[in-house]
Amino acid sequence: MSAEDINAGKRSYWPELEITGTIRNLSPELWKLQHLTSLYLNDNNLSRIPPEICRLEHLTYLDLSSNKLRSLPAELGDMIILRELLLNNNYLRVLPYELGKLFQLQNLGLKGNPLSAEILSIYSEPNGTQKLLTYMLDHLTVNCPQPEPRQWVVLEQPDRSKPIAVFTVMCYNVLCDKYATRQIYGYCPSWALNWEYRRKGIMDEIRQYAADILSLQEVETDQFFNFFLPELQRDGYDGIFSPKSRAKTMGETERKFVDGCAIFYRTSKFSLVKKHLVEFNQLAMANAEGSDNMLNRVMTKDNIGLAALLETKEAIFDNGAPADPAAARQPILICTAHMHWDPEFCDVKLIQTMMLMSELKTIAEESSHSFRPGSHAPDVNSIPTLLCGDLNSLPDSGVVEFLRAGRVVTTHADFKDLCYSTVLRKLSSAEKSGDDFTHSFKLERAYDNEVMPYTNYT
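S.K.: For this particular structure, what's the right way to read the overall build of the protein?
M.R.: On a plain count of helices and strands, the protein comes out with 12 helices and 17 strands. A principal-axis box enclosing the C-alpha atoms of the protein has dimensions of 90 × 60 × 55 Å. Scored against the burial criterion, the 458 residues of the protein give a buried share of 44%. For the protein, the share of sequence-separated contacts (at least 6 apart) that also reach a separation of at least 24 residues comes to 59%. Carbon and sulfur atoms form 51% of the exposed surface of the protein, whose accessible area is close to 24,300 Å².

S.K.: Looking at this structure, how should I read the sheet that holds strand β10 (residues 259-266)?
M.R.: Paired through their backbone hydrogen bonds, the strands of a sheet run either parallel or antiparallel. Spatially, four strands are ordered β7-β8-β10-β9 in an open sheet, and the strand pairing comes out mixed. Of all the strands in the sheet, just β7 (169-173) and β9 (237-243) have a single pairing partner and so form its edges. Geometrically, the sheet is characterised by an average inter-axis angle of 15° between neighbouring strands, direction not taken into account. For β9 and β10, the ladder comprises seven bridges, and the chain directions are antiparallel. Paired with Phe-241 across the strands is Ala-262, a residue of β10.

S.K.: What's the story with the pattern of salt bridges in this structure? I'm lost.
M.R.: When the charged atoms of two side chains with opposite charge come close together, those side chains can pair. Inspection of the entire model under this criterion finds 18 salt bridges. Across the salt bridge formed by Lys-101 and Asp-78, the nearest N and O atoms sit 3.0 Å from each other. Taken as a pair, Lys-101 in the loop between β4 (84-86) and β5 (107-109) and Asp-78 in the loop between β3 (61-63) and β4 lie far apart in primary sequence, 23 residues in all. Residue classification places Lys-101 among the partly exposed positions, given a relative accessible area of 27%. Linking Lys-244 and Asp-259 is a salt bridge whose minimum nitrogen-to-oxygen distance equals 3.5 Å. With a gap of 15 residues between them, Lys-244 in the loop between β9 and α7 (252-255) and Asp-259 in strand β10 connect regions that are remote in the sequence. In this structure Lys-244 comes out as buried when scored by relative accessible area, which is 9%.

S.K.: Mind showing me how you'd approach the environment of Asp-43 here?
M.R.: Its location among the elements puts Asp-43 in the loop between β2 (38-40) and β3. Sequence spacing of Asp-43 and Asn-89 is 46 residues, and the spatial spacing of their C-alpha atoms is 9.5 Å. With near-sequence residues (within four places) excluded, Asp-43 lies in contact with Thr-20, Gly-21, Ser-65, Ser-66 and Asn-67. One polar contact links Asp-43 to Asn-42, side chain to side chain, over a distance of 2.8 Å.

S.K.: Any chance you could explain the packing of helix α10 (residues 346-371) against helix α11 (residues 398-405) here in plain terms?
M.R.: Axes are the key here: two packed helices are described by the angle between their axes and the distance separating the axes. Across the interface, α10 lies against α11 with an axial gap of 8 Å and an inter-helix angle of 25°. Regarding the angle of α10 to α11, the classification is roughly parallel. Every residue of α11 that contacts α10 at Lys-349, Leu-350, Thr-353, Met-354 and Met-357 is listed here: Gly-398, Val-399, Phe-402 and Leu-403. Tallied by class, residues from the contact of α10 with α11 come to six nonpolar, two polar and one charged.

S.K.: Can you walk me through the sheet that holds β2 in this structure?
M.R.: Across the sheet, which stays open at both edges, the five strands sit in the order β1-β2-β3-β4-β5 with parallel pairing between neighbours. What marks the edges here is a single partner per strand, and that holds for β1 (16-18) and β5. Recorded for the sheet is a direction-independent mean angle of 5° between the axes of neighbouring strands. For β4 and β5, the ladder comprises three bridges, and the chain directions are parallel. Pairing of Leu-85 across the sheet is with Leu-108, part of β5.

S.K.: Sorry if this is basic, but what is going on with the pairing of strand β14 (residues 331-337) here?
M.R.: Side chains on a regular strand alternate between the two faces of the sheet. Across the seven residues of β14, seven count as buried, placing the element largely inside the fold. As paired strands, strand β12 (residues 304-312) and β14 are joined by seven bridges and run antiparallel to one another. Its bridge partner lying in β14, Glu-311 is registered against Pro-331. Pairing between β14 and strand β15 (residues 385-387): three bridges, direction parallel. Bridge assignment links Cys-335 to a residue of β15, and that residue is Leu-387.

S.K.: Whenever I open this one, empty space enclosed by the protein confuses me. Can you help?
M.R.: All chains considered together, the criterion is met by one cavity of 30 Å³ or more. Within this model, the largest cavity holds a volume of roughly 40 Å³. Only β8 (213-220) and α6 (221-234) provide two or more residues apiece to the lining of the largest cavity. No other element matches β8, which puts three residues into the lining of the largest cavity. Broken down by class, the residue content of the lining of the largest cavity amounts to five nonpolar, one polar and three charged.

S.K.: Help me understand the side chain of Glu-220, please; the structure alone is not making it clear to me.
M.R.: Mapping Glu-220 onto the fold places it in strand β8. Despite its burial, Glu-220 pairs with no opposite charge; the closest candidate is Lys-178, at 4.6 Å N-O. Excluding anything up to four places from it in sequence, Glu-220 contacts Cys-176, Asp-177, Lys-178, Phe-241, Lys-256, Phe-257, Val-258 and Asp-259.

S.K.: It is not clear to me how unusual backbone geometry should be interpreted in this structure. Could you clarify?
M.R.: When glycine is set aside, most residues are seen to have a negative phi, and most peptide bonds are trans. The phi dihedral of Ala-210 falls on the positive side, at around 50°, and the residue is not glycine. Tracing the backbone through its elements, the reader meets Ala-210 in the loop between α5 (195-209) and β8.

S.K.: What is the right way to read α6 from this model?
M.R.: Because each turn of an α-helix spans 3.6 residues, side chains separated by three or four positions in sequence point in the same direction. Taking 1.5 Å of rise per residue, 14 residues should cover 20 Å, and α6 covers 19 Å from first to last C-alpha, within 8% of that figure. The principal kink in α6, of about 35°, is found at Phe-228, preceding the proline Pro-230 by one to four residues. Listed as buried for α6 are Thr-221, Gln-223, Phe-224, Phe-227, Phe-228, Leu-229, Glu-231 and Leu-232. Residues of α6 that are buried in the fold lie against α5, β8, β9, α7 and β10. Positioned one or two residues after α6, Gly-236 has a phi angle of 95°, which is positive.

Cut-offs and rules
- Residues numbered from 1 in each chain as written.
- Predicted model: local features only at pLDDT ≥ 70, side-chain atom pairs only at ≥ 80, totals over all residues.
- Heavy atoms only, no water.
- Helix = DSSP H or I, 4+ residues; strand = E, 2+ residues; numbered from the N terminus.
- Buried < 20%, exposed > 50% of the residue type's maximum accessible area, 1.4 Å probe, protein only.
- Contact = heavy atoms within 4.5 Å.
- Areas by Shrake-Rupley, 256 points an atom, 1.4 Å probe, with all protein chains shown as cover.
- Pairing = 2+ DSSP bridges.
- Axes fitted to C-alpha atoms, helices over the stretch in contact; angles between N-to-C directions.
- Salt bridge = Lys/Arg side-chain N within 4 Å of Asp/Glu carboxyl O.
- Polar contact = N/O pair within 3.5 Å; in protein donor to acceptor, adjacent residues only side chain to side chain.
- Parallel < 35°, antiparallel > 145°, perpendicular 65-115°, else oblique.
- Nonpolar A, V, L, I, M, F, W, Y, C, P; charged D, E, K, R; others polar.
- 1 Å grid on protein atoms, 1.4 Å probe; cavity = no way out; pocket = protein on both sides within 12 Å on 5 of 7 lines; lining within 4 Å.
- Points joined across faces, edges and corners; volume = space filled by probe spheres on them.
- Lys, Arg positive; Asp, Glu negative; His and termini not counted.
- Expected span 1.5 Å × (residues − 1).
- Bend = angle between axes of the 7 residues up to and from the residue.

Now the structure itself:
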């Protein structure tokens, strides 16, 4: 930099560093340069790399070729954003299995090392880098302690001076087997992605918390009928299920592997009154009114919502049942949904959510008439409603805003200026409101970020 730049307080930025020559040892100061993204240490006389190299957590390129390395630190496996790791022309006979954790690695250079025939055979195959990483990750010994059991967070104590209905709810995306691939979850060993292994852990988790209502997403059709339903029936539950809409177009064999949504309820506390299926693609077709975006963007996504109108039983009440037996039989509407996943289709997620709330309004009004036949004007909020699901949406999204606030502006950025306003008006509870789309429910969040921080790691 010029003297003027230095005097002005400007700082140089050099994300790449090359150290080449006859270097035998590296200064510990090197590991403080945590801004580096590329490090060239090739063509030296290095016989070891210290484990402190893992402090360079922003490295995407590391060249250690043409040195005298006989071993590598296991900590290299912690540098998980590495894209290229060049180890050519060293004296390496073995590789630490921890290298298998480098799930973003695209190029691994190993030529010119006296590695075992097994390692070299895997490495020389087509797509050898990825196959070798998978092999090492699958053979890595995992010595992680079991996590501490999660504890219920008590936000408010119920008033136990009178009969009160108390129940617990669990919502869980169980990750359908066909989506649990090494291509998507490259940091996870193959054995841990295996459904036989995972389903045991899922069921253990469900049984540990023993919730009265379970809302599950990505449940395969075959797994619902042959695993989840029989297992949970033995534990005192019954359940309903519906696959994504594509199942209607498939043969019996293919249909078994279509995932969908499920709701389970403890039969000692609830009975099922009616099941309701919400098919977003069908609703998109019915409300398209010639809109190309509704037909080409929304209708092509076959996500679903599933609702169960339940009736409470006496066993749900703490501190004794109500004196009036009829008061023990209260309706409650349970809904689960799985919105479209792609971040590029934020408009679809928001429209699917609007469709869901519009359908729930119809269901709640019908149920209100059924349970309170004398009422003239049905009130959707007269029936307790519990909305669960995988919304595939961030806290600042239009989806969350619409659910939380009960409204979203017609010009919201998530609509992507795609001119949905006219066709979506009938989905709004206030059809004549020009600036907002609304829903009729008075929803409260189960918890806020102060109670449980938001996380998003896949």
